[in-house]
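Understanding the architecture of this molecule
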Amino acid sequence: MIKKSRKVRDYKKLTKALPTDRYLNPKSVHIHLQNNRCKTYDLHVKEGDHVKLGQVIGVRHGGFFEQNIHSTISGTIGKTSKKVHRSGRKVDCIEIKNDFKETYHESVVDRTDAQIEKLTQEDMVDILKEKSLVGLGGSGFPTYIKLATKDPIDTVVVNAVECEPYLSSDYRLILEHPERVVKGLQYIMQALDVQKGIIAIKSSKDPLYEVLTQVLKVRFPEMNVKVAKLGNHYPQGWEIEVFRHALNIDIPHGVLPTKYGVIGFNVSTTVGVYDAIKHNLPVTKRHFTLTGDAIKFPQNYRIKVGTPVKDLIEKSEGYKKDIDEMVVVMGGPMMGNATLDDDIIVSKTTTSVIVLENKEYKEEQCVRCGSCVYSCPARIQPQQIMQAYKRKDKEQIEELEAYKCVECGLCAYVCTSKIHVTDYIRKAKKLIG
Ligand code: SF4
Ligand code: SF4
């Protein structure tokens with residue numbers, strides 16, 4: 001039987017209704033010195049040095065850009081050690097021991113509204129570069145590069161769809177800080193000289209639509225910004241799907257949305273733009289979901305970047321006793337990376353950690369039911385790509401356009417034979433480089 005599905009169980013109610021808990025004073029933080037875009041780094045500090053909150057302590061080197069590394073607390077530099085990054089790899093992290101004084105670096109000074117009004121696109125690009133803001137929904141792409149576009153833009157879209165099951169930190173962020181979202185959007189629209197904005201949310205019956213509409217009407221009546229309710233299917237939050245449903249634009253694979261006059265920013269990134277422009281602050285805090293059936297009390301937290309996940313697990317009163325073996329997923333369950341190690345540090349781009357009971361699924365033979373093909377949002381043929389990968393047939397993998405896969409995980413989710421189809425597609429993509 002063909003199982004065409006864009007619906008996935010969302011499990012958000014575990015955390016969605018609870019107010020965000022604050023955990024802003026960890027004993028120490030561990031700041032990632034490497035990530036999946038930056039393999040090398042230079043440190044400007046050594047063990048024993050005192051640093052302030054927001055201070056640049058080093059620089060990461062990427063393929064075509066550099067990223068300042070900021071301290072997220074004030075305190076004393078400790079040792080460098082390897083910790084699990086959200087990519088699943090162990091990378092170098094530097095410890096900063098908290099002095100609990102929260103002393104801000106001299107560079108962290110608010111701008112007045114009059115100063116902000118005078119900022120040009122180039123000024124804002126420079127600020128975001130210095131504060132090394134990246135896509136906080138998980139992409140990690142430098143925001144300043146996106147904001148530096150020279151293409152004429154008609155509409156800025158804030159992507160607040162958060163379609164991955166279990167995740168609700170963006171939902172809480174909007175509910176608790178709607179004005180910061182709109183302000184961030186306002187700054188982006190100013191930088192790009194754009195008159196039209198859209199905040200895209202899911203169409204489920206939650207209060208985000210009312211909250212945002214009310215804030216726009218009362219606090220920002222001069223702005224031309226609409227709240228668009230999109231579908232509840234998965235992956236509605238994929239940028240191409242957002243543009244398709246919010247603006248009726250179909251952007252072909254490999255073409256920049258800016259060529260169609262649109263640009264999109266994740267909602268946490270939009271708030272990051274607000275903090276960088278208004279407060280001259282890098283990303284030192286973030287909303288974060290800790291959830292899953294193995295956690296005693298799933299919860300959204302407001303935390304310092306660099307916080308050990310173990311601290312939060314303890315704050316959630318640990319694991320349920322009746323679970324034999326656990327798997328830890330960093331990011332959403334559909335697109336995230338799984339590990340058995342819980343020695344994880346929350347980086348700027350870690351949206352969530354989900355701890356689940358580790359259930360073994362025995363793969364059965366493909367029955368050619370077509371469910372994966374019918375469900376694929378990239379409109380490619382996962383089953384045939386998987387077979388081509390097994391034969392290591394590069395030519396056919398190319399012909400089948402495996403590179404269009406966005407690794408949404410839907411083909412594995414719907415597979416009647418419990419095959420990890422997405423893993424095969426990932427490997428096929430790697431095979432053709
Ligand atoms: S993981 Fe890739 S191949 Fe599978 S459904 Fe998503 S886009 Fe299609
Ligand atoms: S891979 Fe799974 S979903 Fe796809 S055709 Fe085979 S059995 Fe069906």
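Residues numbered from 1 in each chain as written. Chains lettered and ligands numbered in written order. Predicted model: local features only at pLDDT ≥ 70, side-chain atom pairs only at ≥ 80, totals over all residues.

Thoughts on the overall build of the protein chain
Each helix and strand in the protein chain was counted, giving 14 helices and 17 strands. Each principal axis of the C-alpha distribution contributes one length, and for the protein chain these read about 65 × 50 × 40 Å. Taken over 433 residues, the protein chain has a buried fraction of 45%. (Helix = DSSP H or I, 4+ residues; strand = E, 2+ residues; numbered from the N terminus. Buried ≥ 20, exposed ≤ 12 C-beta atoms within 10 Å, placed from the backbone.)

Some words on the pairing of strand β6 (residues 66–70)
Across five bridges, the pairing between strand β5 (residues 56–62) and β6 is antiparallel. Bridge pairing links Arg60 to Gln67 in β6. Between β5 and β6, which pair antiparallel and follow one another directly, the connecting turn spans three residues. (Pairing = 2+ DSSP bridges.)

Points about the packing of helix α2 (residues 121–130) against helix α8 (residues 267–279)
Where α2 contacts α8, the axes come no closer than 10 Å and their chain directions differ by 105°. What the angle tells us is that α2 and α8 run roughly perpendicular. Listed contacts from α8 to Met124, Ile127 and Leu128 of α2 are Val273, Ala276 and Ile277. Within the contact of α2 with α8, the residues separate by chemical class into six nonpolar, no polar and no charged. (Axes fitted to C-alpha atoms, helices over the stretch in contact; angles between N-to-C directions. Parallel < 35°, antiparallel > 145°, perpendicular 65-115°, else oblique. Contact = placed C-beta atoms within 7 Å. Nonpolar A, V, L, I, M, F, W, Y, C, P; charged D, E, K, R; others polar.)

Digging into the sheet that holds strand β16 (residues 337–339)
Strands sit in the order β1-β14-β13-β17-β15-β16 across an open sheet of six strands; the sheet is mixed. The sheet terminates laterally at β1 (21–23) and β16, the two strands that pair on one side only. In this sheet, adjacent strand axes meet at a mean angle of 25° when their direction is disregarded. Here three bridges tie strand β13 (residues 285–291) to strand β17 (residues 352–357), and the two strands are oriented parallel to one another.

Here's the deal with the site of ligand 1
Around ligand 1, 15 residues are found, and the nearest of them are Cys376, Ala378, Cys405, Cys408 and Cys411. Elements that contribute at least two residues to the shell around ligand 1 include exactly α13 (410–414) and α14 (421–431). Counted by class, the shell around ligand 1 contains 11 nonpolar, three polar and one charged residues. (Near = placed C-beta within 6 Å.)

Quick look at the domain arrangement of the protein chain
In terms of domain boundaries, the protein chain breaks down into domain 1 (12–106 + 283–357), domain 2 (122–279) and domain 3 (371–431). With centres defined by C-alpha atoms, the gap from domain 1 to domain 3 works out at 32 Å. (Domains from an automatic or database assignment.)

Brief notes about the site of ligand 2
Taken together, 14 residues sit near ligand 2, with Cys366, Cys369, Ser371, Cys372 and Cys415 positioned nearest. By residue class, the composition of the shell around ligand 2 is eight nonpolar, five polar and one charged.

A closer look at the nonpolar core
With 108 residues, the main nonpolar core has Val157, Val158, Ile188, Ala200, Ile385 and Ile425 as its most contacted residues. Setting aside residues no more than four positions away along its own chain, Ile385 makes contact with Ile380, Ile397, Leu400, Ala402, Ile425 and Ala428. (Core = buried A, V, L, I, M, F, W, Y, C linked by C-beta atoms within 7 Å.)

Some words on the environment of Glu47
When you line up the elements, Glu47 lands in the loop between β3 (38–43) and β4 (50–51). A C-alpha to C-alpha distance of 5.0 Å links Glu47 and Gly78, two positions 31 residues apart in sequence. With residues near it in sequence (within four places) discarded, Glu47 still touches Ile77, Gly78 and Lys79.

A short note on the sheet that holds strand β8 (residues 90–98)
Read across the open sheet, the four strands follow the order β2-β8-β7-β4; overall the sheet is antiparallel. Each of the sheet's edge strands pairs with one partner strand only, and the pair in question is β2 (28–32) and β4. Sheet topology places β2 next to β8; five bridges connect them, and they run antiparallel. In the sheet register, Val29 faces β8, and the bridge partner there is Ile96.

What about unusual backbone geometry?
Across residues other than glycine, the phi torsion is negative in most instances, and most of the peptide bonds are trans. The amide bond that connects Tyr234 to the next residue, Pro235, takes the cis arrangement and shows omega of -5°. Mapped onto the elements, Pro235 comes out in the loop between β11 (224–230) and α7 (239–247). Of note in this structure, Arg368 is not a glycine but carries a positive phi near 50°. Topologically, Arg368 is positioned in the loop between β17 and α10 (371–375).

Some points on the environment of Phe288
Along the polypeptide, Phe288 turns up in strand β13. Residue classification places Phe288 among the buried positions, given that 25 C-beta atoms sit within 10 Å. Phe288 sits 13 residues away from Tyr301 along the chain, and the two C-alpha atoms are 5.2 Å apart. For Phe288, the residues in contact, after removing those within four places along its chain, are Ser169, Asn300, Tyr301, Ile303, Val346, Thr350, Thr351 and Ser352.

Some details on the pairing of strand β10 (residues 196–202)
Extensive coverage of β10 is indicated by the burial of six of its seven residues. Where strand β9 (residues 155–159) lies against β10, five bridges are found, and the strand directions are parallel. In the strand pairing of β10, Thr155 is matched with Lys196. Relative to β11, β10 runs parallel, the two sharing seven bridges. Residue pairing in the sheet places Ala200 in a bridge with Ala228 of β11.

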